[in-house]
Amino acid sequence: MDGETASLDQLILKALPCPVLVVDTGGILIYLNSASERELGVKKEEVISRPLTESLYQGKKFDHRGRYSSALIETLETGREFSLRLEEIKTALYIVPKVFLVDTSILRNQDGGVLGACAIYHNFLRDRRLLKETVMNRLTTVSEQFETIYAFAEAIGARDQYTMGHSEKVAEYARLIAEALGLSEKDVDLAYICGIVHDVGKIGVPENILNKPGALTAQEFKQITSHPEKGAAILSHISWLEHVVPVVLAHHERYDGRGYPQGLRGEEIPLLSRILAVADAFDAMTSDRSYRKALPVPVAIDELKRHAGGQFDPRVVEAFMRILGEYKE
Ligand SMILES: [Fe+2]
């Protein structure tokens, strides 16, 4: 390869917004582009020339389901190449893993000899076009339905930046909890969608009340606590979201029966709502808000445990603890 071509290749890799990783035949990371540092939260000097499994997968070649943790390593060892394989990577940026859709290839020299394997990682949350091709296609064949979900998410985000990022994180936590509880693939997808739209009813609550730093009057409190019903009413106009409506309606119910709007208790509350309640509380506690700083993660974990069986379904808290434990440093 002449010098000019090589430098163009390098410029392209540098310009790409998606992480690109290359390992040699021994699984040692021999290349990462600039986006990898940003998106995966790693420093080049700390991970280059080291085994990929150690740097990004906590030394675990296989996950708890016995599957390869890394599509790239699987390609290297089995020769199977992947297109848009769903993969979770624990980054330094989030406590739970970030989800990517990964394309992998065997890397060969001009004579066909294997040099290693390479992969490109598409950010699952950011690249919504890819999301449409995976989650929504599994759930439904009508692609417009995906746009509907994100239209709602954008509508909420346009008013309240916190809620926008919050919805995506709650969706991600809910998806992981649903999976850990062994729910069907369809329900795992549904958990994600419910997470995205759960606070859509806040569209109907005045902005000054939503962002009010001090104590709320009884009237203001009533307005805020009306958002599950408002959300359910909005979503009920969309026939394919019929399974989402009862989940959104009950996302502020409490396991001990002291929630709202109906004061449902225990198993009366839809399971996905009980999952959302835990995901929602955890993200709310661990995020900075205009009126208070984020709580440290261990404190938030203690709070969830303390309220297991009271505010929260203990089975759901237990599943979430398993997830957090798995990804803890
Ligand atoms: Fe809510």
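Look a little higher up for the structure.
Please read these numbers as outputs of a predicted model, since none were measured by experiment.

Engineer: Please clarify how the sheet that holds strand E5 (residues 114–123) should be interpreted in this entry.
Structural biologist: To summarise the sheet geometry, strands pair through backbone hydrogen bonds and adopt either a parallel or an antiparallel arrangement. Read from one edge to the other, the open sheet built from 5 strands follows the order E2-E1-E5-E4-E3, with strand pairing classed as antiparallel. On the outer flanks of this sheet lie strand E2 (29–32) and strand E3 (85–89), each paired with one strand and no other. Here the strands of the sheet are splayed against their neighbours by 35° on average, with no regard to which way each runs. Two elements, E3 and strand E4 (residues 98–108), share 5 bridges in a ladder whose sense is antiparallel. Its bridge partner being in E4, Ile 89 is matched across the sheet by Lys 98.

Engineer: Would you mind going over the coordination of the iron ion with me for this structure?
Structural biologist: Ideal values for angles at a metal depend on the geometry: 109.5 degrees with four tetrahedral donors, 90 or 180 degrees with six octahedral donors. Ligation of the iron ion by protein atoms is provided by Asp 199 (OD), His 227 (NE2), His 251 (NE2) and His 252 (NE2), these donors lying 2.2 to 2.3 Å from the ion. Here the iron ion is ringed by 4 donor atoms whose angles at the metal span 84 to 172°, and the overall shape comes out irregular. Mapping the donors of the iron ion onto the primary sequence yields the spacing D-x27-H-x23-H-H. Highlighted residues: Asp 199 in the loop between helix H9 (185–197) and helix H10 (207–210) and His 251 in the loop between helix H13 (245–249) and helix H14 (271–285), separated in sequence by 52 residues. For Asp 199, a relative accessible area of 2% translates into the label buried. On the accessibility criterion, His 251 (2% relative accessible area) is buried.

Engineer: Where do I start with the packing of aromatic side chains in this structure?
Structural biologist: Taken as a whole, this structure holds 5 aromatic pairs when the rule is applied. With 6.0 Å between their ring centres and 85° between their planes, Phe 100 and Tyr 121 make a pair best called edge-to-face. Taken together, the positions of Phe 100 in strand E4 and Tyr 121 in strand E5 put the pair 21 residues apart, joining distant regions of the chain. We classify Phe 100 as buried; its relative accessible area is 0%. Here Tyr 121 falls in the buried class, since its relative accessible area comes to 0%. With a centroid separation of 5.5 Å and 75° between ring planes, the pair formed by Tyr 173 and Phe 282 is classed as edge-to-face. With Tyr 173 in helix H8 (residues 161–180) and Phe 282 in helix H14, this pair connects stretches of sequence that are 109 residues apart. Here Phe 282 falls in the buried class, since its relative accessible area comes to 0%. The residue whose ring lies beneath Arg 85 is Phe 82, and the NZ or CZ to ring-centre distance is 4.8 Å.

Thresholds, definitions, all that
The written sequence of each chain sets the order in which its residues are numbered from 1. Given that this is a predicted model, residues contribute local features only at a pLDDT of at least 70 and side-chain atom pairs are listed and counted only at 80 or more, while totals for whole chains, interfaces and linings are drawn from all residues. The basis for every side-chain value is the complete set of non-hydrogen atoms in the structure, without hydrogens or water. Here, any two strands with at least 2 DSSP bridges between them count as paired. Counting from the N terminus, the helices are the DSSP runs of H or I reaching at least four residues and the strands are the DSSP runs of E reaching at least two. Lines fitted to the C-alpha atoms define the axes, with helices restricted to the stretch that makes contact. Angles between their N-to-C directions range from 0 to 180 degrees. The donor set comprises N, O and S atoms within 2.8 Å of the metal, extended to 3.2 Å for Na, K and Ca; water molecules are omitted, so apparent gaps in a site may simply reflect that omission. Irregular is the label for any site that misses the other tests, which are tetrahedral for four donors with all angles between 85 and 135 degrees, and square planar for four donors or octahedral for six when opposite donors exceed 155 degrees and the remaining angles lie between 65 and 115. To sort residues, take the accessible area from a 1.4 Å probe on protein chains only and compare it with the maximum for the residue type: under 20% means buried, over 50% means exposed, and anything in between is partly exposed. Working definition: rings of Phe, Tyr and Trp (its six-membered ring) pair if their centres are within 6.5 Å, and the pair is stacked with planes under 30 degrees apart, edge-to-face with planes over 60 apart, and tilted otherwise. Two thresholds decide whether a charge sits over a ring: the Lys NZ or Arg CZ must be within 6 Å of the ring centre and within 35 degrees of the ring normal.

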